[in-house]
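# Structure assessment
Listed below, chain by chain, are the residues.
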Amino acid sequence: MTTARIDNLRSTVRGAIVQPGDAGYDTARKVYNAMIDKHPALIIRCADVADVIAAVNYARDEGMLVAIRGGGHNGGGLGTCEGGLVIDLSAMKGVRVDPAGRTVRVAPGSVWAEVDHATHPFGLAVPTGFISSTGVGGLTLGGGIGYLTREYGLTIDNLLSADVVLADGTLVTASEDSHPDLFWALRGGGGNFGVVTSFEFRLQPGGTMYAGPTFWPLEQSVEVMKAYRDYILDAPKSINGFFAFLTIPPSPMFPEALHMKKVCGVMWACTGPAAEAEAETRAVRPDGTPLLDHQAETPMPVLNSLFDGLYPPGLQWYWRADFVDELSDEAIERHAKHGAALPTMHSTMHLYPTNGAAHRIARGDTAFSYRDANWIEVIVGVDPDPANGTAITTWCKDYFDALHPYSAGGAYVNFMMDEGQARVEAAFRENYGRLTLVKSQYDPANLFRVNQNIHPAAAGV
Ligand SMILES: Cc1cc2nc3c(=O)[nH]c(=O)nc-3n(C[C@H](O)[C@H](O)[C@H](O)COP(=O)(O)OP(=O)(O)OC[C@H]3O[C@@H](n4cnc5c(N)ncnc54)[C@H](O)[C@@H]3O)c2cc1C
């Protein structure tokens, strides 16, 4: 990486190029998870597709390790790398809604808050996640699980096309009709195949949801979890609700008497009329009075950003996740034990339902293969203080190890740390073989390997 070549690069790209020693380097290298502390050699803040092409060509020709950054939220820190080049897309923002056609086109640096804001006036939404500061790029390419999953499927089930800069610097559009193998692989295969510079989504009705939590004392967690399990497996698709162990934060949103109390609960989010949602969710009322029970009509941008303030960038994160087919009584007992031991206020366990619409798609129809799982269980250790890094990591790993024998076996690429190649392959099950073939077609030299990596078939994997 000579000065002359960098100068040449600077004259080629419109966006900023940041190197060690530059003012702003330490800010530019940061990602959401403060546990990640990497020092890239070069950060290119791309302004447009031409910059992305220049960045890809430069990384390839210089033999540099290359990371792609969208929203920077990846828990394992895959939006950056040590000593390599970061293709930072965060300045490439833009959301164009076509209300008549019910589609939306999104630039790759956008976060979900920006998409929610743009689609809400039309009473439409992209089925996305549970926190609106997350990047559109990473969440979509890994699958995308959120409040609308039971009714409208994963985020990838609503992806219509993607423009992709490939490892050789060419730009293609992937859809059902154009590069269909690439389109198949992008839907769950993460950033393995190129840099997506534009996403086109189908919009779904989703202006407001009847949403809010019901909290119970921890002592009731076994009976609440059983009631929740029995209910959600056959609940109408309009009812979404994830189970959680959490500590109620000291926020004016909650009664003071409950501040810092560890509880279990369900966060409801329902698309149907309020009365229907009320009648339905009454089914999950074990004996006794909940500590708090409050649902209300909630605009989607508000619902999606409810937790944003609680989880700002810069916290320490360590998480592990598994798909779950069955929640046995024995597994519930283990959940109750580890859930009661939340190590810090921000730490939590969420059990997101993935049954419903996501099951309508066969497990070989997209790279995302866990179409038959009923939940994703994510155990999240979080704290602002680096001194608590060991405590949150140990709690998370112990909890995960205790429940893993009851899981469906594979991982969700969006909720992974650095967990080894076997775990990556387990995430894709029988789709992994086909993914290696697509990888060898579109990225034979594995230029894009800072991700949950799919090895090109030609490499003999
Ligand atoms: C607070 C929080 C809440 C979350 N909530 C949810 C949720 O509700 N549902 C859910 O499914 N997931 C959720 N996630 C997980 C999230 O989907 C992943 O962490 C995802 O990787 C974040 O995407 P990003 O663009 O912000 O990440 P980045 O760190 O910017 O990117 C992560 C990886 O994605 C790939 N990538 C990103 N953009 C592109 C692109 N344009 N082209 C090619 N590759 C790209 C790259 O491989 C990159 O290494 C959450 C994460 C956090 C931290």
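Here the residue numbers are simple positions, counted from 1 along each chain's written sequence. Under the rules for a predicted model, residues below a pLDDT of 70 receive no local features and side-chain atom pairs below 80 are neither given nor counted, while totals for whole chains, interfaces and linings still include all residues. The basis for every side-chain value is the complete set of non-hydrogen atoms in the structure, without hydrogens or water.

As a further point, take the sheet that holds strand β8 (residues 159-165). Across the sheet, which stays open at both edges, the five strands sit in the order β5-β6-β10-β8-β9 with antiparallel pairing between neighbours. Strands with a single pairing partner mark the edges of an open sheet, and in this sheet they are β5 (95-98) and β9 (171-175). Across this sheet, the average inter-strand angle for adjacent strands is 15°, counted without regard to direction. At least two bridges found by DSSP between two strands is the condition for calling them paired. Only DSSP runs of H or I covering at least 4 residues are called helices, and only runs of E covering at least 2 are called strands; the numbering of each starts at the N terminus. In terms of strand pairing, strand β6 (residues 103-106) meets strand β10 (residues 195-202) through four bridges, oriented antiparallel. Paired with Val104 across the two strands is Phe201, which belongs to β10. Contacts are assigned to residue pairs that have any heavy atoms within 4.5 Å of one another. Throughout, an axis means a line fitted to C-alpha atoms (over the contacting stretch in the case of helices), and angles, computed between N-to-C directions, take values from 0 to 180 degrees. In the packing of helix α4 (residues 112-119) onto the sheet, contacts are made with β5, β6 and β10, and the angle to β5 comes to roughly 35°.

With that out of the way, let us pick up the layout of surface pockets. Within this model, the largest pocket holds a volume of roughly 570 Å³. In terms of lining, the largest pocket is formed by 30 residues, of which the most central are Pro213, Met253, Phe254, Leu306 and Phe307. Mapped by element, the contributors of at least two residues to the lining of the largest pocket are β12 (208-217), β13 (239-247), β14 (262-270), β16 (296-299) and β18 (348-353). Ten residue types, Ala, Val, Leu, Ile, Met, Phe, Trp, Tyr, Cys and Pro, are classed as nonpolar, four, Asp, Glu, Lys and Arg, as charged, and the remainder, Gly among them, as polar. Of the residues that constitute the lining of the largest pocket, the class distribution is 19 nonpolar, 11 polar and no charged. By volume, the second largest pocket amounts to about 440 Å³. Only protein atoms enter the 1 Å grid, on which a cavity is a set of points fitting a 1.4 Å probe that cannot get out and a pocket is an open set with protein on both sides within 12 Å along at least 5 of 7 lines, lining residues being those with an atom within 4 Å of a point. Along its surface, the second largest pocket is lined by 27 residues, and Lys30, Val31, Tyr32, Arg69 and Pro313 are the ones closest to its centre. With three residues, the single largest contributor to the lining of the second largest pocket is helix α2 (residues 25-28). When its residues are assigned to classes, the lining of the second largest pocket shows seven nonpolar, 11 polar and nine charged. Grid points are joined across faces, edges and corners, and a volume is the space filled by probe spheres set on the points.

The next subject is the site of the ligand. Residues are labelled near a given molecule or strand when at least one of their non-hydrogen atoms is within 4 Å of it. Near the ligand you find 34 residues, and of these Gly70, Gly72, Leu78, Ile145 and Tyr412 are the closest. Here the open area of atoms and residues is found with the Shrake-Rupley method and a 1.4 Å probe, where only the protein chains shown may cover a residue. Out of a free accessible area of 950 Å², the ligand has 97% covered by protein chains. A molecule is said to be in a cavity or pocket once over half of its atoms fall within 2 Å of that pocket's grid points. Mapping the ligand onto the cavity grids shows that it belongs to the largest cavity. Secondary structure elements with two or more residues in the shell around the ligand: β3 (66-69), α5 (136-142), β10 and β17 (316-324). Among the elements that take part in the shell around the ligand, α5 stands out by supplying four residues, more than any other. Its residues placed into classes, the shell around the ligand shows 17 nonpolar, 16 polar and one charged.

Moving on: the environment of Ile145. Here Ile145 lies in the loop between α5 and α6 (149-152). A 1.4 Å probe rolled over the protein chains alone gives each residue an accessible area, and that area as a share of the maximum for its type sets the label: buried under 20%, exposed over 50%, partly exposed in between. Residue classification places Ile145 among the buried positions, given a relative accessible area of 4%.

A word on the side chain of His346. Looking at the secondary structure, you find His346 in the loop between α11 (329-339) and β18. Relative accessible area serves as the criterion here: at 10%, His346 is assigned to the buried category. Two N or O atoms form a polar contact when they lie within 3.5 Å of each other; inside protein one atom must be a possible hydrogen donor and the other a possible acceptor, and for residues adjacent in sequence the pair counts only when both atoms belong to side chains. Polar side-chain contacts of His346 include one of 3.2 Å to the backbone oxygen of Leu310. With residues near it in sequence (within four places) discarded, His346 still touches Leu310, Tyr311, Leu315, Val382 and Pro384.

All right, on to the side chain of Thr281 then. Tracing the chain through its elements places Thr281 in helix α9 (residues 274-281). If we skip the residues at most four places from it in the chain, Thr281 touches Tyr231, Ile239, Trp268 and Cys270.

The next point concerns the sheet that holds strand β2 (residues 42-45). Taken together, four strands build an open sheet; the order of strands is β1-β2-β4-β3 and the sheet is mixed. Each edge of the open sheet carries a strand with a single partner, namely β1 (17-18) and β3. Sheet topology places β2 next to strand β4 (residues 85-88); four bridges connect them, and they run parallel. In the sheet register, Leu42 faces β4, and the bridge partner there is Leu85.

So, about the packing of aromatic side chains. To pair, rings of Phe, Tyr and Trp, with the six-membered ring standing in for Trp, must have centres within 6.5 Å; the planes then decide the type, stacked if under 30 degrees apart, edge-to-face if over 60, and tilted in the middle. Across all of its chains, the model carries 22 aromatic pairs by this definition. The interplanar angle of 55° and the centroid separation of 5.6 Å between the aromatic rings of Tyr311 and Trp317 together place this pair among those described as tilted. Trp317 shares its class with Tyr311; the two are buried. An angle of 75° between the planes, with centres 5.5 Å apart, marks the rings of Trp395 and Tyr399 as edge-to-face. Placement of the pair is Trp395 and Tyr399 together in helix α12 (residues 389-403), with a separation of four residues, close to one helical turn. Judged by its relative accessible area of 8%, Trp395 falls in the buried class. Overall, Tyr399 belongs to the buried group, its relative accessible area being 0%.

Orientation of helix α1 (residues 3-12) relative to helix α3 (residues 49-62), taken along the N-to-C sense of each, is 165°, at an axis distance of 10 Å. In terms of orientation, α1 lies roughly antiparallel with respect to α3. In the crossing of α1 with α3, the sense of the turn from one axis to the other is right-handed. Of α3, the residues touching α1 (which contributes Arg5, Ile6, Leu9 and Thr12) are Asp51, Ala54, Tyr58 and Glu62. Relative orientations are named as follows: roughly parallel for angles under 35 degrees, roughly antiparallel for angles over 145 degrees, roughly perpendicular for angles from 65 to 115 degrees, and oblique for any other angle. By convention, the crossing between two helices is left-handed when the near helix turns anticlockwise from the far helix through less than a right angle, and right-handed when the turn is clockwise.

The next subject is empty space enclosed by the protein. This model, assessed by the stated rule, comprises two cavities of 30 Å³ or more. In this structure, the largest cavity encloses a volume near 960 Å³. Asn74, Thr134, Gly138, Leu139 and Asn414 are the residues nearest the centre of the largest cavity, which is lined by 50 residues in total. Those elements that provide at least two residues to the lining of the largest cavity are β3, α5, β10, β17, β18 and β19 (375-383). When residues in the lining of the largest cavity are grouped by element, the largest group, five residues, is from α5. Of the residues that constitute the lining of the largest cavity, the class distribution is 25 nonpolar, 24 polar and one charged. In this model, the second largest cavity occupies a volume close to 60 Å³.

A few words on α11. Note that an α-helix has 3.6 residues per turn; residues three or four places apart therefore point the same way. By the burial criterion, the buried members of α11 are Ala331, Ile332, His335, Ala336, His338 and Gly339. Looking at the buried residues of α11, the elements they touch are α8 (221-232), β13, β18, β19 and α12.

Treat this as a map of the structure, not an account of what it does.
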